[in-house]
Amino acid sequence: MPGESAEGIYPPGPGGKVYFNPGRLSKEAVHREIDGTLKRLGTDYLDLYIIHRFDYETPMEETMEALNDLVKAGKVRAIGASAMYGYQFYNMQLIARDHGWARFETMENHYNLLYREDERELIPICKQMGVSLMPYSPLAAGHLARPTWKSDSLRGRTDRVAMGKYDNYEANDMEIINRVEKVADNHGVSMAQVAIAWQWAKGVTAPIIGGTKTRNFDDALKALDLHLTKEEIDYMEEPYVPHKIVGAIDHNPPQGVMLLDKK
C-alpha cells in the first residue's frame, strides 16, 4: 500500500508522515498521529514514518525519543526525515546516537537538476551517515520532462506551489532543460529518463515519482538502464546557479498551513 504524501508515492509498504498537525513533533502529537495513520491505512505498522519538516517549537530530544518509542512498540520499522537544514538533521542524528535510539534511515528532500542546494551540506551528511536519499520532485514538477517551460496540463495551469518553487529561475533553468533534451535525443530516450538517470548517477536510492499515467512509471523503470557519462552529467549541471532555499524552513508556519513555497 502506498504511503500518505502530497508529493508522491513511497516504495512498496505502508508509510506516513507527521508534522502538519496540531502539536507538530511533540511526544503527544507523534503518538496520536501514528495511531490515526495506522487506523486510516488499516495496518498494524508502517515500514517508514517520516517527519515532514523540522519543528522549531519541540525539543529535538523529545521528538527523537517519541519516534524511538514507535519503533520499540513495533508501530514503525524505520524512521526518516524530510526537507530541513543539514545542521538540524545532523543534530537530530547525534541525539539519537547518543541515547541509543532509532536513527533516521532515509531523507526525503528536494533534489533535481533544477534544484541542487542540498549538495552543499545535507546530502554529504546523509552519505556520511549511510542515510538513503529518496528525493521528491525528481522531475521538477514536470519541467525536466518537456522542452518547454509552460504546460497546458491541469497541474501546469493551477499548481501554484510548483510555480513558487521554480518560476523565479525560468530564464536560467531553461538552459539546463535544453541540455537535458539534447542528451535525451542523443540516447533516443525521453527527457524524464535522463533526469531520473541523473539521480541514479548522483547516488539517489529511490526518487519519489509523482506520475499520473502508466508511461510515467515506465520511464522511471527504463531510466535504470540508462547510463550517463561523466561528460553528459557535467554538461547538464554546468549552467546551474545558486537558488533560493526551497524545502527547508526557518520557522514553523502558522497552524493549518500545509502548502509551502506558494507563489
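Residues numbered from 1 in each chain as written. Predicted model: local features only at pLDDT ≥ 70, side-chain atom pairs only at ≥ 80, totals over all residues. Heavy atoms only, no water.

J.: Looking at this model, I keep getting lost on the packing of aromatic side chains. Mind explaining?
T.: Aromatic rings considered in pairs are described by the distance between their centres and by the relative angle of their planes. Enumeration according to the criterion identifies five aromatic pairs in this entry. When the centroid spacing of 4.9 Å and the interplanar angle of 85° are considered together, the rings of tyrosine 19 and phenylalanine 20 count as edge-to-face. The pair formed by tyrosine 19 and phenylalanine 20 is uniform in burial state, with each residue classed as buried. With a centroid separation of 5.1 Å and 45° between ring planes, the pair formed by tyrosine 111 and tryptophan 198 is classed as tilted. Of this pair, tyrosine 111 sits in the loop between strand S4 (104-108) and helix H4 (122-128) while tryptophan 198 is found in helix H8 (residues 191-201), placing the two residues 87 residues apart along the sequence. Tryptophan 198 matches tyrosine 111 in its accessibility class, with the two residues each being buried. For the cation-ring pair, arginine 116 lies above tyrosine 240, with the distance from its terminal atom to the ring centre recorded as 4.8 Å. (Phe/Tyr/Trp six-rings, centres within 6.5 Å; stacked < 30°, edge-to-face > 60°. Buried < 20%, exposed > 50% of the residue type's maximum accessible area, 1.4 Å probe, protein only. Helix = DSSP H or I, 4+ residues; strand = E, 2+ residues; numbered from the N terminus. Lys NZ or Arg CZ within 6 Å of the ring centre and 35° of its normal.)

J.: Honestly, helix H1 (residues 27-41) in this entry has me stumped. Any pointers?
T.: Think of an α-helix as 3.6 residues a turn; residues three or four steps apart then line up on the same face. For H1, which comprises 15 residues, the first-to-last C-alpha distance of 21 Å matches the rise-based estimate of 21 Å (1.5 Å per residue) to within 8%. Turning to H1, its buried residues number three or more, namely Ala29, Val30, Glu33, Ile34, Thr37, Leu38 and Leu41. Relative to the axis of H1, the buried residues are bounded by an arc of 155° and lie together on one face. Seen from the open side of H1, the exposed residues pointing more than 90 degrees away from its buried face are Glu28 and Lys39. Packed against the buried residues of H1 are strand S1 (15-18), strand S2 (46-51), helix H2 (60-72) and strand S3 (76-82). Taken from the residues just after H1, glycine 42 is the one with a positive phi, measuring 65°. (Expected span 1.5 Å × (residues − 1). Arc of directions from axis to C-beta. Contact = heavy atoms within 4.5 Å.)

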